[in-house]
Structures are given as C-alpha cells and as structure tokens.
Amino acid sequence: MKSLDTIPTGKIERAGKLVKTGVKIGGNYVKYYGKKLVDPQTSKDTLDQDNAEDIYDGLKSLKGSALKVAQMLSMEKNLLPRAYVEKFSLSQFSVPPLSAPLVRKTFKKYLGKYPEDIFDKFEKDSVNAASIGQVHRAEKDGIKLAVKIQYPGVAESISSDLALVKPVAIKMFNLKGKDSEKYFKEVEHKLVEETNYILELEQSDEITTACSVIPDMQFPKYYRDLSSERILTMDWMEGTHLGEFTKIDFDTDLGNTLGQALWDFYMFQIHKLRRVHADPHPGNFLVSSEGKLIAIDFGCIKEIPEEFYVPYFELAKEENINNDKIFMEKLYELEILTPTDSEEELKFFTALFKEMLTIFTSPFHKETFDFGDKGFWSKIANLSERYSKDEQIRKMNGNRGSKHFLYINRTFFGLYNLLHDLKARVEVSHFEKYMD
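Residues numbered from 1 in each chain as written. Predicted model: local features only at pLDDT ≥ 70, side-chain atom pairs only at ≥ 80, totals over all residues. Heavy atoms only, no water.

Once that is clear, we can look at the nonpolar core. Membership of the largest hydrophobic core comes to 90 residues, with the highest contact counts inside it found for Trp263, Phe265 and Phe285. Residue contributions to this core peak at 9 residues, all from helix 11 (residues 252–273). Here Phe265 is in contact with Cys211, Ile214, Met217, Phe219, His277, Phe285, Ala295 and Phe298, once residues within four sequence places are set aside. Counting residues in each nonpolar core, the second largest holds 7 residues, with Leu162, Val187, Leu191 and Tyr407 among its members. (Core = buried A, V, L, I, M, F, W, Y, C linked by side-chain atoms within 4.5 Å. Buried < 20%, exposed > 50% of the residue type's maximum accessible area, 1.4 Å probe, protein only. Helix = DSSP H or I, 4+ residues; strand = E, 2+ residues; numbered from the N terminus. Contact = heavy atoms within 4.5 Å.)

This is the structure in structure tokens:
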C-alpha cells in the first residue's frame, strides 16, 4: 500500500476533497438510474458498492474524524448495506500509512528527537494504520514496544470535518431540528479526547489496573517517558486480531472462554467503574497463543453519569418493559419520548422501543446466553429491515434519546457483534464476583 507524504490539513483543502467525492457519487447515481431505465429490475447492490468505494477512498486520504465516523458506521451491521459495512470496516486497521520522513518530522516536533535517537530499534514502516494514528514496532532496553503516532492535523480538523459529514448523518439517521446538535457535540467531544494521547495513557493505566482482576484478560504496559500528546508508547503484544481469529476454525470452549472474558470486562467497567471502553471493534482486541484476550486501545472511554445509568438499566429489566407505567416513565427520563410529541409519535415510538428493548435486553433476562443463537440475530435483522423501510418513521423526528445513547449503544452493538463472532455462550452475572 502506497504511503502518504502529506495529509490535507486546511479546511478548504479537506472540503475540496469531499466535494470531489460527492461528484463521483452523483455520477454513480446517474449510471444507476440510466441502467434502471433500460432494466427496471436493476439491483442497488452495484450502486452501493460504487458509492462505498468512492466514499472510503475519499475519506482514507483525509484520515481523522471523517474516517473515524466511517469506522463507527461499519459497526452498525444491521443499519447499512453490506457494501458499506465491508468497505468502512477497513478503516479499523487498513488505510494508507504516513511516509517515513513524515513520521520522523512528527517525532521531532512532539518528543524533540528523531525515533532512532530514542529507541534502540525502530521500524520505519508501520504495521497498522487506522483513522487517527498508525503503529510502529520499536525496541528499547530489550523490551518490544508498539509506538502509536497521530496523523498531523487530525486534532485541529475535528470541528470542520464533522461539519462536512453532518449533512450525510442528518439524512441517514433522520435527524431534525436544533436538538440534533447535542449528538454532534457528543461525537466531537469524544473525538477531541481520542486525539489526546496523554489522556489516553492515564485512562489506560487506570482501567487496566482496575480490570486486572478479570481472568483471561491481558493488557499492555504504557510508558509515560516515551509518550506525548501525539505519540503513545506501550508494550508490543503478540496475538491475532480478533477479526482474523474468528474467521478460522476455533475450539468451542476457547470461544466461550474468550467471550466470557469479554463480557466480564465490559460489565465490570459499566457497573463498577461507570466508564467503559466504548470502541469494541475487532481491531482493538488480540487473541494470544495462550488463549488470552488482549485489549490494546483505550482512546475512546465513555463516562456513564448516574442520571443515565439508573433508568437505562432499569429498562433492561423484563418486569419494567412489561409494566406500561414504569416503561413510559423511563422513556421520558431517557429523552426517548418528549413533551412535544404528538399522540401518533407517542404511540409509534412507545411500541417501537418496547419491541426493540424486548429483543436487545434479552441477554440480561437469562442466567446464560448464547450469542451464537441464530434466532436472536434473525429478530434483530428483521426488526432493522422492517423499520428501515417504514415510511411512517421517515416523517417523524429522529431525535430520540439522551446524547449518552450514542456511545453506550455503540458499545453494546459492538460487544454483541464480537460475542456473536466468537459464538460465545456466557454466564450473564459472572462478572459480579469481581465487583468487590
């Protein structure tokens, strides 16, 4: 893969790149409708494939928050056409890397020295390039290290990048009115945090220390004296990316062990720490040769305030979902229903969320849950398919729920998908033994 010597950092330059991408997408639609006139049975699959290709190609050269949004969307497997999911998922760990001269320039700026003056060994070619930074192997005093380097201009371009992708997101998620701004501010706030590697180092230390009580989990050690706000150094962890591991034939017991560790890791953070690793995609986890699960990235941590935590998990209880009075109270507390809703909206969204929560909270209603159960995933797919084609929902205000839903729901969607890939059967309350 060809490396990048420069990244567009100016607002006008980055906007121009996206305009070119928009022109390509327009051309794809012209071709699609031309074929549709000749053959009314023409499928949208080719259009989706072409659009996904052009959008990804445009974003990958920009890197930063625009590409990060694509990464977030790739986790929504039941929301986007498959072509988008497959293409956007490449943003997790497969984008063009920075060239060696640009890497050296970044080191000189943020650590005051070139990499060869800091480490005993430093590989100039990256081993992993993603949306916000890329990783290089290094060695110092006999310790193998992973050095994450942030792309130039990423932190400074977050606001302008989000302004550019905002119209697409508004259309895709049917957001209306000024209330939608709270969601974009939440995304912007988390992306700003993700570009602060000093904050990531501190969060990594705190969470990995607390979660060290969970068996079958491993974490790297972080090195403060070899890190800065744009460079982060940690132990190099040997293992297979979880996404690659789940593509091979693996032992059922090992899948269950890894799945239980993953479930306990997340439930412990949510219920004990009230802050959670909110980026559960396969690129952030490795499986070691000893069958341990390794978490390697703590850039995106979501705090869970009490006023959200309490009603959110009260709605996870089956008896509350089936109690109309309590159910409605919690929907209002979580801003899913609002005082300005019409009778039609109240009726529609109450029924929608009752059906949705009955499915999504079902793992919490059993002692053990099998995330490989095809019936569970069929219900999710059918619900998604039905409401994605519902004309009524397109006419209503899509601003539903507290801003905290964005990253908490993302966490659960990602967690469920990873557990599904592992075909894991988990003991739901197993994590409680580590709470004291």
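Attention now goes to the side chain of His136. Examined against the element boundaries, His136 turns out to sit in strand 3 (residues 133–140). Overall, His136 belongs to the buried group, its relative accessible area being 0%. Within the structure, His136 has its side chain in polar contact with the backbone oxygen of Glu123 (distance 2.8 Å). (Polar contact = N/O pair within 3.5 Å; in protein donor to acceptor, adjacent residues only side chain to side chain.)

A separate point is the pattern of salt bridges. For side chains bearing opposite charge, pairing can occur when the charged atoms are close. Scanning the entire structure with this criterion turns up 19 salt bridges. Between Lys354 and Asp324 there is a salt bridge; the shortest N-O distance is 2.7 Å. Separated by 30 residues along the polypeptide, Lys354 in helix 15 (residues 343–360) and Asp324 in helix 14 (residues 324–333) bring together distant segments of the chain. Between Arg425 and Asp370 there is a salt bridge, with its nearest N and O atoms 3.7 Å apart. Taken together, the residues span a long stretch of sequence, with Arg425 in strand 13 (residues 425–427) and Asp370 in strand 12 (residues 368–370) at a distance of 55 residues. Classification of Arg425 by relative accessible area gives partly exposed; the value is 46%. Exposure remark for Asp370: the relative accessible area of 26% places this residue in the partly exposed category. Through salt bridges with shared partners, a single network forms among Lys148, Glu200 and Asp297. (Salt bridge = Lys/Arg side-chain N within 4 Å of Asp/Glu carboxyl O.)

Our focus in this paragraph is the sheet that holds strand 9 (residues 285–287). As summarised here, the arrangement of the 4 strands in space is 5-10-9-7, forming an open sheet in which the pairing is mixed. Each end of this open sheet is capped by a strand with a single partner; those strands are strand 5 (217–218) and strand 7 (240–241). Where strand 7 meets strand 9, 2 bridges bridge the pair, whose relative direction is antiparallel. The partner of His241 across the bridge, within strand 9, is Leu286. Along the sheet face, helix 11 touches strand 5, strand 9 and strand 10 (293–295) and points at about 150 degrees away from the line of strand 9. (Pairing = 2+ DSSP bridges. Axes fitted to C-alpha atoms, helices over the stretch in contact; angles between N-to-C directions.)

A word on the pairing of strand 6 (residues 231–235). The two faces of a sheet get side chains in turn, since along a regular strand they alternate between them. With respect to burial, strand 6 is a largely interior element, 5 of its 5 residues being buried. Both strand 4 (residues 143–150) and strand 6 contribute to a ladder of 5 bridges, which runs antiparallel. Looking at the pairing, Ala146 lines up with Met234 of strand 6.

Attention now goes to the packing of aromatic side chains. The tally for this structure, following the rule as stated, stands at 29 aromatic pairs. On the basis of an interplanar angle of 45 degrees and a centroid distance of 5.8 Å, the ring pair of Trp263 and Phe371 is categorised as tilted. Pair noted here: Trp263 is in helix 11 and Phe371 is in the loop between strand 12 and helix 16 (374–388), with a separation of 108 residues, a long-range link. Given the relative accessible area of 0%, Trp263 is considered buried. Where Tyr266 meets Phe285, the ring centres are 6.5 Å apart and the plane angle is 55 degrees; that geometry is what we call tilted. Of the two residues, Tyr266 is situated in helix 11 and Phe285 in strand 9; the sequence distance between them amounts to 19 residues. (Phe/Tyr/Trp six-rings, centres within 6.5 Å; stacked < 30°, edge-to-face > 60°.)

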